[in-house]
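Read off the chains here:
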Amino acid sequence: WALRQCARVQRWWKARCAGVSSAGAAQYDLKTETAPLVVVVSTTGTGDPPDTARKFVKEIQNQTLPVDFFAHLRYGLLGLGDSEYTYFCNGGKIIDKRLQELGARHFYDTGHADDCVGLELVVEPWIAGLWPALREHFRSSRGQEEISGTPPVASPASSRTDLVKSELLHIESQVELLRFDDSGGKDSEVLKQNAVNSNQSNVLIEDFESSLTRSVPPLSQASLNVPALPPEYLQVHLQESLGQEESQASVTSADPIFQVPISKAVQLTTNDAIKTTLLVELDISKTDFSYQPGDAFSVICPNSDSEVQSLLQRLQLEDKREHYVLLKIKTDTKKKGAALPQHIPARCSLQFIFTWCLEIRAIPKKAFLRALVDYTSDSAEKRRLQELCSKQGASDYSRFVRDACACLLDLLLAFPSCQPPLSLLLEHLPKLQPRPYSCASSSLFHPGKLHFVFNVVEFLSTAPTEVLRKGVCTGWLALLVASVLQPNTYASHEDSRIALAPKISISPRITNYFHLPNDPSIPIIMVGPGTGIAPFIGFLQHREKLQEQHPDGNFGAVWLFFGCRHKDRDYLFRKELRHFLKHGILTHLKVSFSRDAPVGEEEATAKYVQDNIQLHGQEVVRILLHENGRIYVCGDAKNMAKDVHDALVEIISKEIGVEKLEAMKTLATLKEEKRYLQDIWS
């Protein structure tokens, strides 16, 4: 997505576009760069720059660099983030701050786009303002003659159209064109006519609410600014197969893949719990897969069989599902640098590709909607798709596509006259990503085994009608382990069904930070409500074995703040936690139940984990600020992680008598020192 934004700059300004990685950075030298720099950077993990930018960030954070190292540099920066996470756009903020410290200056103000509400709400106006900012920069630094190829900010329709045509002949974007037409081009005239033609039908539905398939005034009567049509580049040929067997091994991955059997599955919650939580044990004894507590790994999962069949049926490709898909680049494509999708393996069947390779549940981007417009025959449906991808329809797109979790199948069912070719779907549907899970065991405690814990995700998709769906991976896993699932107990039950247990494919996701301290005397605080407790079970198992091996060792205090809805329904690992507490592995266990009637004074005031943290604020602050302790937070980013962060700010402010801003700086320091660690997800 970030590269698409860079490409828009590249298309107009003949700019060089490269990733901020060692390979990309080799194309230019910022130490001597005099041209304006435009940086588009996302945020990953717990506020870190993306992997491809880490080497660059490490280099510019060298404290020996002089304060005027980048005094010659002028730049603009667009940060991409998600405000559901604590450190919003922190990847961009880190780079922005350091460039300023080294003397670089803005030629254009920094933008922070929020994926929680829709990146386009900031990205589109930021890019619109970038053109005049670049134009002004070139005018002031080099003179007007050097920017004769600059696109005018406001120009007559004919000039604009001629400029667009000449540019596209030789510098077609490497990625989908997302530039919004902002003047009276041909498409705009067509849309104006569509608006006029649809006025009569709009009058008839003025009294109705808008929906995925229907708009109301003023949108239904508006002239629209829609994205330019992304250039098509794939040519698809379907060939009858020879009946060759396909397997998960065909799935492409940059990481090593291990096929491992499921040796046990346990339901940790009661049947009347709001969420169903399962523990799955994998047998890794015959592989080279290794891990330590705090690590994560990925599960390679398929799409739902029923959804794949429904999609193939809707595309009228059901009778060709076993055909091989042969791809090549169109000879006449205008897409510069067009390449075959790396996530689609060669000589695999159509059904395999839709099952294992494509994220068919992905929320369609506006560029995809724009492409679907040209394959929609019904005028009302065509108009509605234009609205949903337009600048004017941003609110409807958020409400009926993004927030409703609409996927391609939903759109095709809602717009029956839309008949896109297979090539278009292969161009636009992203790779089916492996799903990450925290390791919930220690290899010292369970040699040759790997445990993980998950909730079976269920949600209502409301586009075009309400449909109860399960998570792509958790729904598949729940179905997979149904035959070997054990009741709510942690004891092992051997029976003949285990021998028939299926295998799944996993790959490692080794972290460098979410681990126990090397020095076991350092006190730790763990905060993990719900399935956020998973890595901490691994921590405690590991500590138990270490204490058995070193009975005279010096082991620091271990606190756990756990929370769930009901004590008798979803108190995960209750028996195990009591065991750890009884044997001194866990020194303090603080549990809160959000839906149970409170019993006792402490429960009355501690509904959530953050409430318990505040109740024990004095001890928490002492551990963190006076005993060099660490705090680990695992679980939901949207609410819990933010609330825990706020609680920590409150108790630090109260206990050491400082303003909240100072308390926030203290927490930021703990994070930099890797003593405030998060493993969170939305």
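Here goes a summary of the coordinates provided. (Residues numbered from 1 in each chain as written. Predicted model: local features only at pLDDT ≥ 70, side-chain atom pairs only at ≥ 80, totals over all residues. Heavy atoms only, no water.)

## Let's talk about the overall build of the chain
Summing up its helical and strand segments, the chain has 23 helices and 21 strands in all. Counting only contacts in the chain whose residues sit at least 6 apart along the sequence, the fraction spanning at least 24 positions is 77%. (Helix = DSSP H or I, 4+ residues; strand = E, 2+ residues; numbered from the N terminus. Contact = heavy atoms within 4.5 Å.)

## Some remarks on the packing of aromatic side chains
The tally for this structure, following the rule as stated, stands at 19 aromatic pairs. When the ring of F69 is compared with that of F70, the centres are 4.8 Å apart and the planes differ by 65°; the resulting orientation is edge-to-face. Classification of F69 as partly exposed rests on a relative accessible area of 22%. Pairwise contacts between aromatic rings join F258, F289, F297, Y437, F452 and F454 into one cluster. Directly above the aromatic system of Y397 lies the positively charged group of K366, at a separation of 5.4 Å from the ring centroid. Here the guanidinium or amino end of K545 rests over the ring plane of F445, the centre of that ring lying 5.6 Å away. (Phe/Tyr/Trp six-rings, centres within 6.5 Å; stacked < 30°, edge-to-face > 60°. Buried < 20%, exposed > 50% of the residue type's maximum accessible area, 1.4 Å probe, protein only. Lys NZ or Arg CZ within 6 Å of the ring centre and 35° of its normal.)

## Details of the state of the cysteines
One pass over the structure, following the stated rule, counts 0 disulfides. For the unlinked cysteine C348, the closest cysteine sulfur is that of C357, found at 6.2 Å. (Disulfide = S-S within 2.5 Å.)

## Quick look at the pattern of salt bridges
Evaluation of the coordinates by the stated rule reveals 20 salt bridges. Residue D410 is joined to R469 by a salt bridge in which the shortest nitrogen-to-oxygen separation is 2.9 Å. Of the two residues, D410 sits in helix α14 (residues 408-414) while R469 sits in strand β14 (residues 467-470), which places them 59 residues apart along the sequence. Accessibility classification places D410 together with R469 in one group, the buried group. A salt bridge links E548 to K545; the nearest nitrogen and oxygen atoms lie 3.4 Å apart. Separated by 3 residues within a single helix, E548 and K545 lie in helix α17 (residues 534-549), roughly one turn from each other. Residues joined in a network through salt bridges with shared partners are R383, R384, E387 and D396. (Salt bridge = Lys/Arg side-chain N within 4 Å of Asp/Glu carboxyl O.)

## What to know about the packing of helix α21 (residues 617-626) against helix α22 (residues 637-656)
It is at 9 Å that the axes of α21 and α22 come closest, and there the two elements cross at 85°. Considering the angle they form, α21 stands roughly perpendicular to α22. Counted together, G617, Q618, V620, V621, L624 and L625 of α21 and L648, I651, I652, E655 and I656 of α22 form the full contact between these two elements. Of the residues that constitute the contact of α21 with α22, the class distribution is 8 nonpolar, 2 polar and 1 charged. (Axes fitted to C-alpha atoms, helices over the stretch in contact; angles between N-to-C directions. Parallel < 35°, antiparallel > 145°, perpendicular 65-115°, else oblique. Nonpolar A, V, L, I, M, F, W, Y, C, P; charged D, E, K, R; others polar.)

## Considering unusual backbone geometry
Cis rather than trans, the peptide bond between P217 and P218 has omega equal to 5°. Considering the arrangement of structural elements, one finds P218 in the loop between α8 (199-205) and β5 (234-239). One non-glycine residue, C405, lies in positive phi territory at about 55°. Structurally, the position occupied by C405 is in the loop between α13 (394-402) and α14. Residue C405 is classed as partly exposed on the basis of its relative accessible area of 31%.

## A closer look at the nonpolar core
In terms of nonpolar packing, the biggest core is built from 82 residues, with L282, F297, F354 and I506 touching the most fellow members. Three or more residues apiece are contributed to this core by two domains, here domain 2 (252-301 + 434-488 + 500-512) and domain 3 (303-432). Here L282 is in contact with V260, P261, I262, S263, F297, G448, K449, L450, F452, I504 and I506, once residues within four sequence places are set aside. Judged by nonpolar contacts, the second largest core, of 32 residues, contains V453, C564, F580 and Y632. (Core = buried A, V, L, I, M, F, W, Y, C linked by side-chain atoms within 4.5 Å. Domains from an automatic or database assignment.)

## Looking at the environment of C634
In this fold, C634 is placed in strand β20 (residues 630-636). When its relative accessible area of 0% is taken as the criterion, C634 is described as buried. For the pair formed by C634 and D679, sequence separation is 45 residues and the distance between their alpha carbons is 4.7 Å.

## Remarks on the packing of α22 against helix α23 (residues 660-672)
Where α22 meets α23, the axes come as close as 8 Å, and the angle between the chain directions of the two elements is 115°. Both α22 and α23 take part in a crossing whose hand is right-handed. Note on element contacts: α23 touches α22 through K660, A663, M664, T666 and L667, opposite H645, L648, V649, E650, I652 and S653. Grouping the constituent residues of the contact of α22 with α23 by class yields 6 nonpolar, 3 polar and 2 charged. (Left-handed = near helix turned anticlockwise from the far one by under 90°.)

## Remarks on the sheet that holds strand β21 (residues 676-681)
The strand order across the open sheet formed by 5 strands is β19-β18-β17-β20-β21, and the pairing between neighbours is parallel. Sheet topology places β19 (588-593) and β21 at the edges, where each strand pairs with a single neighbour. Each adjacent strand pair in this sheet contributes to an overall mean axis angle of 10°, direction not counted. Bridge count between strand β17 (residues 524-527) and strand β18 (residues 558-564): 4 bridges; the pairing is parallel. Paired with V527 across the strands is F561, a residue of β18. Against the sheet, α22 makes contact with β17, β20 and β21, and its axis sits at roughly 150° relative to β20, the strand it touches most. (Pairing = 2+ DSSP bridges.)

## Quick notes on the pairing of strand β1 (residues 37-41)
Within β1, 4 of the 5 residues are buried, leaving the element largely enclosed by the surrounding structure. With 5 bridges connecting them, β1 and strand β2 (residues 74-81) associate as parallel partners. By the bridge assignment, L37 is partnered in β2 with Y75.

## A short note on the sheet that holds β5
Taken in spatial order, the 3 strands of this open sheet run β5-β9-β10, and their pairing is antiparallel. Both edges of this open sheet fall to β5 and β10 (348-349), since each of them pairs with a single strand only. The sheet contact formed by β5 and strand β9 (residues 324-329) spans 6 bridges and is antiparallel. Within the sheet, the bridge partner assigned to L234 lies in β9 and is I329.

## Here's the deal with the side chain of T376
With respect to the helices and strands, the residue T376 is situated in the loop between α11 (366-373) and α12 (379-389). Apart from residues lying up to four places away in sequence, T376 is in contact with E381, K382, L385, S417 and C418.

## Looking at helix α16 (residues 472-481)
Summarising burial for α16: 8 of the 10 residues are buried, a large majority. Within α16 the residues assigned to the buried category are V472, C473, T474, G475, W476, L477, A478 and V481.

## A look at helix α4 (residues 90-101)
With 12 residues, α4 extends 16 Å from end C-alpha to end C-alpha; this agrees with the ideal 16 Å at 1.5 Å per step. All buried positions along α4 are accounted for by N90, G91, G92, I95, D96, R98 and L99. Considering only its buried residues, α4 is in contact with β1, α3 (51-60), β2 and β3 (105-106). Just past α4, the residue G103 takes up positive phi, approximately 95°. (Expected span 1.5 Å × (residues − 1).)

## What to know about the pairing of β19
Most of β19 sits out of view: 5 of its 6 residues are buried. Here β18 pairs with β19 via 6 bridges, running parallel. Paired with C564 across the two strands is F593, which belongs to β19. For the crossover that starts at β18, traverses helix α18 (residues 574-582) and ends in the parallel β19, the hand is right-handed. (Right-handed = clockwise from strand over helix to strand, strands pointing away.)

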